[in-house]
Each structure stands twice: as structure tokens, then as C-alpha cells.
Amino acid sequence: MKFLKNLVDNVKPHFDEGGKLEKLHYVFDGFETFLFVPGTVTNKGVHIRDSMDLKRTMVMVIFAMIPCLLFGMWNVGHQHYLAYGMETSHWENFLFGALKVTPIIVVSYASGLTVEFIFATMNKHSISEGYLVTGMLIPLTLPVTTPLWMVALGGIFCTLLGKEIFGGTGMNFMNPALLARAFLFFAFPAFLSGEIWTDLSPEVGHSIVDGYSGATNLVAFDYNIDNIQAASTMFWGFEQGSIGETSVFCVLLGAVFLIVTGVGSWRIILSVFAGGYIMGFLMNLLAPAGDLTHAMHMPAHHHWLIGSFAFGAVFMATDPVSASHTVKGKYIYGLLIGAFAVILRVFNPAYPEGVMLSILLFNVFAPLIDHLVVEQHIKTRLKHA
Amino acid sequence: MGKTVHIRKGFDIKLVGKAVAETAHAPTSSIFAVQPPDFRTLIPKLIAKQGDEVLAGQQLFYDKDRPEIKITSPISGEVVEIVRGAKRRIMEVRIVPDKENRYISFDIPDQLTKENVTEVLLESGCWSYIRQRPFSTIANPENSPKAIFVSCFDSAPLAPDNDYILKDEKESFQRGLSVLNTLAEGNLNVGIADGQSDLVRDVISSDKTHQIKGPHPAGNVGIQIHHINRIKKGEIVWYVNPQDVVIIGRLFTNGKYQAERTIAITGSLVKNPSYVKVLTGQPLKDIIGDKITFNDNTRVIQGNVLTGRTAYEDSFLSFYETQISAIPEGKEPEFFGWLLPGLDKLSLSRSYFSWFTPKKKYDLTTNTHGEERAFVMSGEYEKVLPMDIMPVQLLKSIMAQDLERMENLGIYEVSEEDFALCEFVCTSKIDVQRVIAEGLEYFRIEG
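Criteria and thresholds
Residues numbered from 1 in each chain as written. Chains lettered and ligands numbered in written order. Predicted model: local features only at pLDDT ≥ 70, side-chain atom pairs only at ≥ 80, totals over all residues. Helix = DSSP H or I, 4+ residues; strand = E, 2+ residues; numbered from the N terminus. Rg over C-alpha atoms; globule rule 2.2 N^0.38 Å. Buried ≥ 20, exposed ≤ 12 C-beta atoms within 10 Å, placed from the backbone. Contact = placed C-beta atoms within 7 Å. Core = buried A, V, L, I, M, F, W, Y, C linked by C-beta atoms within 7 Å. Domains from an automatic or database assignment. Pairing = 2+ DSSP bridges. Axes fitted to C-alpha atoms, helices over the stretch in contact; angles between N-to-C directions. Nonpolar A, V, L, I, M, F, W, Y, C, P; charged D, E, K, R; others polar.

Draft legend 1. Molecular detail of the overall build of chain B. When its secondary structure is counted, chain B shows 11 helices and 20 strands. Against the globule reference of 22 Å for 447 residues, chain B gives a C-alpha radius of gyration of 22 Å, in line with a compact fold. The principal-axis extents of the C-alpha atoms in chain B amount to approximately 65 × 45 × 45 Å. A buried classification covers 53% of the 447 residues belonging to chain B. Taking contacts inside chain B between residues at least 6 apart in sequence as the whole, the part at least 24 apart equals 69%.

See below:
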């Protein structure tokens, strides 16, 4: 490590004030602090600091997403070979998926980080770690068939208009990754809806099996709730969908990790699930009695299993910047997201991505929720006074 | 019976270098200093001039805004130098002591009343040990506080053990408490930890004795006030540190201002951490002797590692201080430090493996473990602030200089030290205490 440190120290003067590459100071700083936690010491206030910083926080979220990512890679291959009716090993499935997914991840990081670097250089601020997570979330929420140029566009769009114009990480009021997803969904509907969930690149000597259908459970249940797959299939994630969000099991692994490390808010995760369940249950009560396959009859807990409900609850709604900041607010925010997501997916088949829209909607309302909570807090304070 | 308060939010930072129960006497020093900047918001007007002979208990300077508040010399001798800083601000009044300490003898009335206690305290300079919330300034004798509080224990990292220190001072401590009780007109409240009831039993009625349980900041007087007799808008509460109660007790026992106190010298870089008996204003060098070596890799702190101030080789002991800490500086960059398992890294989050060893004691450095960032994580401060206060919202109102909101969110209840743990846990490395201090100052001037 000494060698690396010496190398960094040697080139450092070029990036400092007066150096040849002074303009790139903050980009260099970003790389340097990535390699080495800087030897800065406290100078005011407390003399010791908790070992937690934003880099660690973000890397914890990435760790939490790894099960989803690995399973997602396997599932991409699994769905592909299933469509062609081919018998393949787990390794073949995984390899196929890895080859398809890795470019998407690379493009996502490259495009977003480029924008971050440009802004850091222009505005002379150090590079924040937010994109480490965003860059991974974007691929996991996209179908594997998304063209790479679109991934790049999404990364650029969300960093630019979702974050940097508000002042960078910490100042954005909507979840950037979700914003990228929504942007692509509305800008290129042809690429992000319909039969796009399975990679159907041709296999020599094989043709797509007769029974193949490209419809996900999320689309299917709106027409007839009996058309969805078995609950266990959906729980483990052997279904079509975006790369990382099919397996509720892997998402829950991530959730446990986030909650244990204290990085993700259990209040939000729990209340999104609760909100979805309560709304699903209410719908069961109010469902038309004559039409037993109507979407409102769907068992409430199935809402947890289909689409990106779990993934959204665990990885998207919990973004600390765009979520509610107050303790009470988090419960309200979560409940509303869950409830609203179910309303959207049941009553609006045109937009099956109810979870995404619901989270974005309450990202916008989170400051208002917080405002009400704080006003309530002040009122009780004044009452005691 | 008084209240029993269970503090649930908070955190005990376990560090190596706790002082063992041994007390040495600091050697006599050849110079002493009284430092006006120790007294928050006080603007010193000198009474003593260079070359003046003073006795212990004789006035050195007073507060320009409140001339009745005087600071007196802890020792007899000659005023040799007035050290000034930027803008000719008075930083130190230096005194070369006599061989034998000579005291002014104050008349102690037989029958104590609120009025004559106030008078003796003001005259002797001991009034400066009584401070007020809000603002942590020296109390204003013209105010009538709704209560006086004494927290009998300190819960900060490596804090001195008051049970041990007060064992030999019990009489003076109890005398001091009864004097303060007179001053408070019977409304003196004490916060005690487990096993401290003997300390106060004979002087304080049991309904004013409150049991406090839980982790730091349970020992902070501000937290205790919040749970026992909360400050409302416009109200004032006074508070005194236990060792300062002892000094007041001595004054009312023998009529002398004797500013001796016992300091804990603690921290991982201290040789044989233990206690030292000192006199206010002694040079740090004499107090720490060979226990701490000043160098580039040692951070010496007057106070504890959360709220103390950095001290230097030529520093003098501050007026209210009861602890000196020494920990290593953390100037070494760490390769992929944010990715390591971190068995020796303390964190309230459970993102380092160290959370599997909750009883471990840490040798922490001054490294910030990351850089300052915009505010990202929520719900962190709330875990370590045991008050009905919304910390983040309060901080934001201060940054926005929104007086009305600051007041509504309860700025008059807080002090920097109550937010020290918030600053410690902050993922974004924000200077929480500085912000609170700015808010308090802004509120004091404008509010």
C-alpha cells in the first residue's frame, strides 16, 4: 500500500492549486479519498468521530443489493433459456445473464459519474458518494433488453436534472435512480413495456417455445388474478421482470442487512409493506362480488410478491434524502407509498409501475409530511409551555 | 421521593485510559493564570493592574455588562502580566504566587438568607461557579431562577468518578448544597446515579433528589433539567458542577476562597491515568508532569473527548475543568478504510464488525473517518439525544437564522454539550456543536 500511497502523493501536486491539472482537483480528490480514507483530524467540537461516513453507508447499500444482482443475473439466463425451451445448468444461466447485465452496470456508472465529475469540477465541490448506489439501482430496475444508449441517457438525466441542478447529493427531493427509471419509461414506452422482459436473442437451432408469454405477473393480474404464477415462484423470483427485482427473497436478505447495519430505515420498509397490505385488504372487502377474478380480489399479501413492490420498499423508498426525515413522518410516508402503489396497480393497468410512481409521488410530498409532523411537535411543545 | 428518570437514548463511548482511584498533589507552580475567555460572554474590565499584590479571593476583573459579577484570584501573589490577544482582548491575567497562600477572610453570616448568600458569593467571586440555562453563562443575580440543579455524576467518556473525588470532601459538598438550597429558596434539585444517595441524604429533601439511569448524556445537567423540571420559554434555571459546590461549601465553612479541585487525567496516551489535586489556573505542564508528552501525535484536551478544548504545552487549566484527556492524533490515511471489516472501529451503526464486541474498550484517534458532506442520513441524531427536541429541524432553523422557529423548537433548553453525541455519530461529519453554539449566541443577542 506504501507504493500506492507514494504514487498518489507524487502526482498530487499536479492537481493542487497552481499545478498543471488544477482544474481536475476535485476529480483527483474523489479518487484519492476513494483509495485512502484521508488523514484529516478533528479540529473543532468533538475530538473523536464515529467510523461511519457516507462512503461506508453507500457501500453497505451496495452490499445489500448483491443478492438481488447475482440472482438477477442468473434469472436473466434462466428466463432466456426457458423461452427457448433449453435445458441448461445454473452456471450457463448465470454466465448468460452476467454477460448481458455487466455492460448495463458499466454504462450506468460511467454515464452518471461523468456528469458528477463535470459538476464537481465546475462547481468546485468534492464528489459525493450518492451515485455509488444510484449507479447500481438503475440497472436493477431496468429490463435486460434496455439498449445501452438508453441506460446512459437515464444515468445522465437523473444526475443532471434529478440531483446536480438542486446542488448535488443531499439536496435532491426525488430519488435519482427512480427518476431515471420513470424518465425512460415515459420517454421510451416502446422499450419499457410490452414483451420486453426476457432477452430473446436468437439461439442457433432453437426457436421460442409455443407456450411462451412475455407478460409479467404485474400485467397479468389486472385481467385475471388467477393468471399469475404460484406464490412460491414469485417469492423466490423465477419470473420475468426487471433485472434485480424479481426475487422477493433476495430483496428481504438485503432488507435484513440494511436494517441490521442501521443504514436503511426499518420504519419505512415496514410501513410500506403494511400500507400495501392494508390497502389490498380493503380492496378485498370492497371488491365486486360477481367478478371473482377481478384485480381487487387479489389476496393482499400477493401484492408484496408481484412487480417491484418489495424492491421499491427496501431500496427505493428508504433513500434517506428523498424520504421523510422525521420519525413519525416515516411511518406516514411508508404507509401512503404502500397504499397508493396498490391503488395504482389495481385501477390503472396502463401504468403497471405503480410502485415507482407512488414512491416518486410521496418523495414530493415528504417535505409536506415532515412539515406537518414538525408543526404538530411545536404545537405540543407550546401546549406544555 | 423524587423522580426516577430512565434515559434510553444515548451511548456510552468506552475508551481505554480510565483514571484509577489514586490522587497525587500537583507540585506548586511558579505562575498562575486566570483566563477571562473561560467565562462565556463576559467582557472583562480589569481591577488589578500589573504589579499589584493580590490575596486569594481578591478581585481581578469584573464583567463590563454586569459589574456586580467579579472574578477573583485563586492565589495570593503579584499580578505580573496581562496577556492580550487579537483586538487587545484580555486572554490571561498572570500571577506569580507567594510562598505561603494568604486569603481574604470573608464574613459568613450566622443566619443564611437568599440575600446574604448572594452577597457573599458575589463578593468572593464564587458567584462565577453558578451558571444558567439557557446560554451557559454566569447566572444573573437579579434573576429569580425556577430551580437550581446539580448533577452529581459525569457520564462523558472517561469522566472523573465523583464518588471517589467527593469521598474526602463530603462535608464541604453538603455545606455547599445547603447554601445553594438557601439561594434556591428550597428548590435545589440534585440528579444522582446509583449508589449516590448517601452523598446528599442529610441535606436535600428526598423529593428533590432524582435518580438518573442510562447512558451518556444522562449525566449532563441539561438532560436532567429536561426530564425533571423542563425549561419553558422565558424561564431560567441555574446549575452548579459538583466540585464547584465543594468550593462554595469551603467558603461558607471557613470564609476562604479555596479553589482546589481534583482533576482526572485520562486517555490512551496517559501514563498511569489517575487523579491530581490542583488549584484553578495552574499551568497544565505542572499538572500532568510526565504523564503526558506533548508532541505532534498527541492530542491533549482540557475536558473530555466530546466537549473539551485542545490544549497546548503553555496552556493553563481552565476555570470549570475537571478532566484532561490525551488521545492519539489520527493523521495516517487508511487504504480503503471505508471497506474494511473494522474490528477496532467504533460505530453506532452496526456496519463494522466491532458491534459484535459491545464491551470492548477503544483506543480512538482524532481521525474524522471521512469527509464533511451535505446532510444525508436521517434518524441518527434522534438515537443519541434523550430530549423531546427535533435535532435536525433545530439545526436547520439555526442555519436559516429563523429565530421564531428556533424558539419554537426549543433552543432555550439546549446546550452544545447535549449535542456532542449527535456530532460524534454524524455520518456527514457536520459540526453540530458549532451550529448549536451559533444558534444560542444569535438567540441570546436577538431573541
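Draft legend 2. Quick look at the nonpolar core. Core analysis: the biggest nonpolar cluster contains 218 residues, and V314, Y333 and I337 of chain A together with I148, L180, I248 and C422 of chain B have the highest contact counts within it. Among the elements that line this core, the one with the most residues is helix α3 (residues 54-83) of chain A, at 12 residues. Not counting residues up to four positions away in its chain, the partners in contact with V314 of chain A are V251, G254, A255, L258, G264 and I269 of chain A.

Draft legend 3. Highlighting the domain arrangement of chain B. Residues and elements named next belong to chain B. Structurally, chain B comprises domain 1 (1-330) and domain 2 (368-446). Its C-alpha centre places domain 1 at a distance of 26 Å from the equivalent point of domain 2. Facing 20 residues of domain 1, the contacting portion of domain 2 comprises 18 residues. Among the elements that line the side of domain 1 that touches domain 2, the one with the most residues is helix α5 (residues 221-228), at 3 residues.

Draft legend 4. Summary view of the pairing of strand β11 (residues 147-151) of chain B. Residues and elements named next belong to chain B. Within β11, 5 of the 5 residues are buried, which leaves the element mostly enclosed by the surrounding structure. Of the two faces of β11, both are covered, the one formed by A147, F149 and S151 as well as the one formed by I148 and V150. Across 3 bridges, β11 lies against strand β14 (residues 237-239) in parallel orientation. Residue pairing in the sheet places A147 in a bridge with V237 of β14. Pairing of β11 with strand β12 (residues 188-192), which is carried by 4 bridges, proceeds in the parallel orientation. If you follow I148 over to β12, its bridge partner there is L188.

Draft legend 5. Quick peek at the sheet that holds β11 of chain B. Residues and elements named next belong to chain B. Across the sheet, which stays open at both edges, the 6 strands sit in the order β1-β13-β12-β11-β14-β10 with mixed pairing between neighbours. In this open sheet, the two edge strands, each paired with only one partner strand, are β1 (4-6) and β10 (131-133). Taking the axes of each pair of neighbouring strands and ignoring which way they run, one obtains an average angle of 30 degrees across the sheet. Examined bridge by bridge, β12 and strand β13 (residues 209-213) share 3 bridges and lie parallel to one another. Considered in β13, the bridge of G191 is made with H210. This element, α5, spans β1, β10, β11, β12, β13 and β14 of the sheet and lies at about 130 degrees to β11.

Draft legend 6. Focus on the domain arrangement of chain A. All names here are of chain A. Looking at the assigned domains, one finds that chain A contains domain 1 (2-35), domain 2 (66-199) and domain 3 (230-385). A straight line from the C-alpha centre of domain 2 to that of domain 3 covers 22 Å. On the side of domain 3, 27 residues touch domain 2, which itself brings 28 residues to the contact. The element best represented in the side of domain 2 that touches domain 3 is α3, accounting for 9 residues. Looking at side-chain class alone, the side of domain 2 that touches domain 3 contains 18 nonpolar, 9 polar and 1 charged residues.

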